[in-house]
Amino acid sequence: MTTKEILEKTRRAKSQLAALGSVQKNELLCRLADGLEAHSADILTANALDMQAAKGTISDVMLDRLALTEARIKGMAEGVRQVAALPDPVGNVLDEVTRADGLNIRKVSVPMGVVAIIYESRPNVTSDAAALALKSGNACVLRTGKEAHRSAQAIVDAMRDGIKEIVSPDVIGFIEDTSRRSATELMTAKGYVDLLIPRGGAGLIRACVENAEVPCIETGTGICHIYVDKCADFDKALRIIENAKCSRPSVCNAMEAMVVHADIAEKFLPLIYERLRGGAHPVEFYLDARAFAVLGGNDGCVKAGEGDFDREFLDYKLAVKVVDSLNDAIAHISAHSTGHSDCIITEDEGAASAFVSAIDSAAVYVNVSTRFTDGGEFGLGCEMGISTQKLHARGPMGLKELTTYKYVVRGNGNIR
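Residues numbered from 1 in each chain as written. Predicted model: local features only at pLDDT ≥ 70, side-chain atom pairs only at ≥ 80, totals over all residues. Heavy atoms only, no water.

**Structural notes on the packing of helix 2 (residues 22-38) against helix 6 (residues 124-135)**
And then number 1: For the pair helix 2 and helix 6, the least separation of the axes is 9 Å and the interaxial angle reads 165°. What the angle tells us is that helix 2 and helix 6 run roughly antiparallel. As helix 2 runs across helix 6, the sense of the crossing is right-handed. Contact residues: helix 2 offers Lys 25, Asn 26, Leu 28, Leu 29, Leu 32 and Leu 36, while helix 6 offers Ser 127, Ala 130, Ala 131, Leu 134 and Lys 135.
And then number 2: Classifying every residue of the contact of helix 2 with helix 6 gives seven nonpolar, two polar and two charged. (Axes fitted to C-alpha atoms, helices over the stretch in contact; angles between N-to-C directions. Helix = DSSP H or I, 4+ residues; strand = E, 2+ residues; numbered from the N terminus. Parallel < 35°, antiparallel > 145°, perpendicular 65-115°, else oblique. Left-handed = near helix turned anticlockwise from the far one by under 90°. Contact = heavy atoms within 4.5 Å. Nonpolar A, V, L, I, M, F, W, Y, C, P; charged D, E, K, R; others polar.)

**What about the pairing of strand 2 (residues 104-111)?**
And then number 1: For strand 1 (residues 93-98) and strand 2, the ladder comprises five bridges, and the chain directions are antiparallel. The residue of strand 2 that forms the bridge with Asp 95 is Lys 107.
And then number 2: Hairpin geometry of strand 1 and strand 2 is characterised by an intervening segment of five residues between the two adjacent antiparallel strands and by a positive phi of about 90° at Gly 102.
And then number 3: Note that strand 2 and strand 16 (residues 403-410) share eight bridges and pair antiparallel. Within the sheet, the bridge partner assigned to Pro 111 lies in strand 16 and is Thr 403. (Pairing = 2+ DSSP bridges.)

**Remarks on the state of the cysteines**
And then number 1: What the rule picks out here adds up to zero disulfides.
And then number 2: Free cysteine Cys 30: the closest other cysteine sulfur is in Cys 382, separated by 13 Å.
And then number 3: The class for Cys 30 is partly exposed, based on a relative accessible area of 29%.
And then number 4: In this structure Cys 252 is not part of a disulfide, and its nearest cysteine sulfur, from Cys 224, lies 6.9 Å away. (Disulfide = S-S within 2.5 Å. Buried < 20%, exposed > 50% of the residue type's maximum accessible area, 1.4 Å probe, protein only.)

**Considerations on the nonpolar core**
And then number 1: One finds Leu 32, Leu 36, Leu 142, Met 159, Val 171, Ile 172 and Met 384 to be the most contacted residues of the largest nonpolar core, which totals 68 residues.
And then number 2: Ignoring sequence-local partners within four residues, the contact set of Val 171 consists of Thr 10, Ala 13, Leu 17, Leu 134, Ala 139, Cys 140 and Ile 163.
And then number 3: Among the nonpolar cores identified, the runner-up in size contains 34 residues, and Met 255, Val 283, Leu 318 and Cys 343 belong to it. (Core = buried A, V, L, I, M, F, W, Y, C linked by side-chain atoms within 4.5 Å.)

**Thoughts on the pattern of salt bridges**
And then number 1: In total, this model carries 23 salt bridges according to the counting rule given.
And then number 2: Taking the shortest distance from any N to any O, the salt bridge between Lys 9 and Asp 170 comes out at 3.9 Å. In this pair, Lys 9 is assigned in helix 1 (residues 3-18) and Asp 170 in the loop between helix 7 (149-163) and strand 5 (172-174), connecting sequence segments 161 residues apart.
And then number 3: Classification of Lys 9 as partly exposed rests on a relative accessible area of 28%.
And then number 4: Asp 170 gets classed as partly exposed once you look at its relative accessible area, which sits at 25%.
And then number 5: Arg 72 is paired through a salt bridge with Asp 64; the nearest N and O atoms lie 3.1 Å apart.
And then number 6: Among the charged side chains, a network of salt bridges with common partners joins Glu 27, Arg 31 and Glu 165. (Salt bridge = Lys/Arg side-chain N within 4 Å of Asp/Glu carboxyl O.)

See the structure below:
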């Protein structure tokens, strides 16, 4: 089936969602979750084929993103049920005014319509995106990369089977073509796609932002920084940085760069080196000249090259910069951050407040791992992506960010 044919079927089916109330939508999502669990074996079989085909072509951390287990599928189903338990974002009166002439004007939240998602090798995005779209009254069109295509197809089949007794399975569209052509077709699908959301690497996001003829959300890459201030608690810093870098380095909220105040560099850098090199996956350090003066000569330590502070490693690699002041740290982060998530570790409330005020990222942290930039951790159930732009959504995109609004005006024969 061509991309246009899939879009046409999804567009026609979306009206069925508009007829569903909150209770029915919640039942729809519960059926969808049941479908995932009922077809767990089929999904795992498809994922095994994807894993076999991907070995040797993508890194180990990317293979971990691609891999599914029975526990991960149960987690996907539970994420869908969590979305079902959230308040309905549709039909809410956002603002209301009654004029002197009796004219009543209400600003009411409504679905976007058809939401298209282009994503890469993360099969769980398939169910997260469908759950958020359906709960917010939107039909969705899913287009994954070739590495996860079999897994995503099996997940879509399971979800469609779960919901078929309530709505047409066509409310979840799945693009069969994984070539660049199908991505371009979604970017230019005026009249079919109301919102396009890319989730993936810098190349995909840039292509969508530059070429999309439909409304597009820029879900930025995550060059996330942690600044270790001269007043940092070292124990906190070691735990936070280890979690931010090593817990799952292949995701966009993982730390990619560390900035350290010069007053503590000679004491702190050997401690964090020992901590991050001593794990199951030793971290490689890309050091500026001042950091190299402290750690140079140790295994896994190299001088940072041009561009290393602008790299989303998505691996056990870390760029390190030493600065003389809080202002220098802010200047460096502002120059190299992608506006995703940045953190300060400090016991100085004045430094913390200055950092929060100056850093213009979607999520700014004080003494917290950047790994918390996540829809589930923010109470959104799951997320459609992390927006690094400012209009109309910013940060983790949940249900509210998948709605727009319209004005409903009531009167009694009023004329102008």
